[in-house]
Amino acid sequence: MLTSLVVGFCNAYLGQYLENLDKNQLSFSLLQGKAELQNLSIKKTAFENLDLPFSIHAGFVGKICIDIPLTRISSQPWVISFDQMYVIAGPKKKNKEQMEKNEHMESLEYKRAALDLMEAEWRSELGFRGLASLLYNSTCSSWISHLTSLVTNIVQNIELTLTNVHIRFEDAGISCPGKIMACGLHLKSFTAQTCDEKRKTSKFLYYSPEFMYKLMELNGLAVYWDTDSNVFSDLPLNDLCQKMKRCLIQRDAFILTPTHGYAHIKRNRVTAPLQSLEQPRIKCDFVLDQVDIEFRDAQYYQCCKILEMLSRHGNHKFNPGRQWKYAGERIIAAI
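Definitions and limits used
- Residues numbered from 1 in each chain as written.
- Predicted model: local features only at pLDDT ≥ 70, side-chain atom pairs only at ≥ 80, totals over all residues.
- Heavy atoms only, no water.
- Helix = DSSP H or I, 4+ residues; strand = E, 2+ residues; numbered from the N terminus.
- Expected span 1.5 Å × (residues − 1).
- Buried < 20%, exposed > 50% of the residue type's maximum accessible area, 1.4 Å probe, protein only.
- Salt bridge = Lys/Arg side-chain N within 4 Å of Asp/Glu carboxyl O.
- Patch = residues over 30% accessible without salt bridge, like charges linked within 9 Å, V, L, I, M, F, W, Y side chains within 5 Å.
- Areas by Shrake-Rupley, 256 points an atom, 1.4 Å probe, with all protein chains shown as cover.
- Core = buried A, V, L, I, M, F, W, Y, C linked by side-chain atoms within 4.5 Å.
- Contact = heavy atoms within 4.5 Å.
- pLDDT = per-residue confidence, 0-100.
- Pairing = 2+ DSSP bridges.
- Arc of directions from axis to C-beta.
- Polar contact = N/O pair within 3.5 Å; in protein donor to acceptor, adjacent residues only side chain to side chain.
- Phe/Tyr/Trp six-rings, centres within 6.5 Å; stacked < 30°, edge-to-face > 60°.
- Lys NZ or Arg CZ within 6 Å of the ring centre and 35° of its normal.

Description of unusual backbone geometry
The bulk of non-glycine residues show a negative phi, and the bulk of peptide bonds are trans.
Here is step 1: Even without being glycine, Asn39 reaches a positive phi, approximately 55 degrees.
Here is step 2: For Asn39, the position within the fold is in strand β2 (residues 34–41).
Here is step 3: We note that Arg199 has phi near 60 degrees; this positive angle belongs to a residue other than glycine.
Here is step 4: Residue placement: Arg199 occurs in the loop between β6 (180–195) and β7 (211–226).

Structural data, given as structure tokens:
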């Protein structure tokens with residue numbers, strides 16, 4: 001019974017991004033506050049509502065773990081971890097079905113805008129005084145304040161871990177006919193957790209009412225561009241996972257060679273407006289161990305072709321010459 005409720009909850013909130021879940025994919029321990037989902041497929045329509053110039057061709061998440069400290073639900077961190085996250089995207093193919101879908105989306109946007117306008121007019125006529133006096137009495141206001149404080153503590157104390165992330169973009173001859181190109185981002189691990197001003201992390205930390213500190217660590221971040229590649233998205237799911245996991249990248253295909261780094265973020269939590277420019281709302285110290293960037297002629301040519309193809313989706317056209325000229329003028333002006 002409880003397992004079915006958890007599966008229903010996950011389908012309700014993750015159903016937009018993941019395929020239908022079942023009980024065989026879930027491992028749940030009520031007393032320990034741990035839930036684990038395994039072997040999840042990412043929907044190809046997960047981000048269609050964003051109207052991006054590319055679409056997801058295949059996606060897989062090996063494991064999602066959620067660890068909730070039931071005894072200290074608001075003081076200890078909630079740990080959310082993702083392992084083996086593989087995503088393959090590619091340019092959208094224009095066809096009759098896609099054009100009809102775009103027309104349908106435009107119709108939905110028009111209806112949503114009309115509903116928003118009607119709701120705004122209704123709110124302006126009704127006003128909020130009667131509603132506020134009904135809802136926000138002393139008892140209800142106390143519960144809302146307590147619940148808001150609890151949710152805020154939980155959100156600020158979430159610990160996120162990503163391991164073995166591989167995001168790949170494939171173009172099978174659309175931008176450059178006769179060439180199969182692939183570019184991607186590979187990340188060995190990423191962690192984001194609450195810490196103190198000395199970058200010390202612990203499950204038991206004193207949280208200042210004025211400042212909040214976060215420590216983010218990157219390990220094995222790399223960006224590659226393969227000018228002559230193979231298509232992975234057409235492979236069966238098991239073969240695709242093995243290819244994405246063991247993807248052997250040639251040394252000359254790297255744009256950014258694997259690097260490591262961390263970021264220490266300090267956020268001013270004071271609700272009052274800041275009076276001085278010397279007191280920023282957010283301060284970030286970002287450090288990378290070593291950054292080696294290489295861009296070869298074939299990679300640059302294919303990159304320009306893909307950006308030109310993707311820019312046709314919107315209203316702006318990509319002009320590499322104008323972009324480089326602007327960058328050069330900004331650098332010269334700063335010198």
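Concerning helix α6 (residues 297–311)
Here is step 1: In this model α6 runs 21 Å from its N-terminal to its C-terminal C-alpha over 15 residues, within 8% of the 21 Å that 1.5 Å per residue would give.
Here is step 2: For α6, every residue scored as buried is listed here: Gln299, Gln302, Cys303, Cys304, Ile306, Met309, Leu310 and Ser311.

What about the pattern of salt bridges?
Here is step 1: Applying the stated rule across the entire model yields two salt bridges.
Here is step 2: Close ionic contact of Glu170 with Arg168 constitutes a salt bridge, the shortest N to O distance being 2.8 Å.
Here is step 3: Judged by its relative accessible area of 5%, Glu170 falls in the buried class.
Here is step 4: The partner of Glu294 in a salt bridge is Arg296, with the nearest N and O atoms 3.4 Å apart.
Here is step 5: Among the residues examined, Glu294 registers a relative accessible area of 27% and is labelled partly exposed.
Here is step 6: According to the relative accessible area criterion, Arg296 is partly exposed, its value standing at 40%.

Thoughts on a nonpolar patch on the surface
Here is step 1: A surface patch of nonpolar side chains, amounting to about 370 Å² of accessible area, comprises Phe286, Leu288, Val291 and Ile293.
Here is step 2: With respect to the helices and strands, Ile293 occurs in the loop between β9 (282–288) and α6.
Here is step 3: For Ile293, a relative accessible area of 60% gives the class exposed.

Section: the nonpolar core
Here is step 1: Judged by nonpolar contacts, the single largest core of 18 residues is most densely connected at Leu40, Ile42, Val61, Ile64 and Met85.
Here is step 2: Elements with a contribution of two residues or more to this core: β2, β3 (54–67), β4 (79–91), β5 (159–172) and β6.
Here is step 3: Those residues in contact with Ile42, other than ones at most four positions away along the chain, are Tyr17, Leu18, Glu19, Ile56, Gly59, Phe60, Val61, Tyr86 and Val87.
Here is step 4: Counting residues in each nonpolar core, the second largest holds 11 residues, with Met181, Cys303, Met309 and Leu310 among its members.

Remarks on the environment of Glu19
Here is step 1: Counting through the fold element by element, Glu19 comes out in the loop between α1 (2–14) and β1 (26–29).
Here is step 2: The spatial distance from the C-alpha of Glu19 to the C-alpha of Ser41 is 5.5 Å, given a sequence separation of 22 residues.

With respect to the confidence of the model for the protein chain
Here is step 1: Within the protein chain, residue pLDDT values average 77, and 71% of them lie at 70 or more.
Here is step 2: Long-range and interchain partners of residues 128–132, a stretch whose pLDDT sits below 50, account for one contact in this model, where long-range means more than four residues apart.

Describing the pairing of β5
Here is step 1: Direction of pairing for β4 relative to β5: parallel, over a ladder of 10 bridges. By the bridge assignment for β5, Ala89 is matched with Phe169.
Here is step 2: Two strands pair when backbone bridges link them, and β5 and β6 are joined in this way by 12 bridges, in the antiparallel orientation. Bridge pairing in β6 links His166 to His186.

Examining helix α5 (residues 237–245)
Here is step 1: Leu240, Cys241 and Met244 are the residues of α5 that are buried. Projected down its long axis, α5 shows its buried positions confined to an angular sector of 100 degrees, all on one face.
Here is step 2: Where α5 is buried, its residues contact β3, β4 and β5.

Brief notes about the side chain of Ser233
Here is step 1: Tracing the chain through its elements places Ser233 in the loop between β7 and α5.
Here is step 2: Here the side chain of Ser233 touches Glu170 through a polar contact of 3.4 Å, side chain to side chain.

Description of the packing of aromatic side chains
Here is step 1: According to the stated counting rule, one finds two aromatic pairs in the structure shown.
Here is step 2: Between Phe54 and Phe169, the aromatic rings sit 6.3 Å apart at their centres with planes inclined by 90 degrees, giving edge-to-face as the arrangement. Taken together, the residues Phe54 in strand β3 and Phe169 in strand β5 connect sequence positions 115 residues apart.
Here is step 3: Judged by relative accessible area, Phe54 falls into the partly exposed class, the value being 33%.
Here is step 4: Between Phe295 and Tyr300, the ring centres sit 6.3 Å apart and the planes meet at 80 degrees, which makes this aromatic pair edge-to-face.
Here is step 5: Phe295 sits in the partly exposed class, given a relative accessible area of 42%.
Here is step 6: Look at Tyr300 and you get partly exposed, because its relative accessible area is 32%.
Here is step 7: Geometry around Phe232 places Arg168 over its ring, the cationic atom sitting 3.9 Å from the centre.
Here is step 8: Sitting over the face of the ring of Phe211, Lys266 holds its NZ or CZ atom 4.4 Å from the ring centroid.

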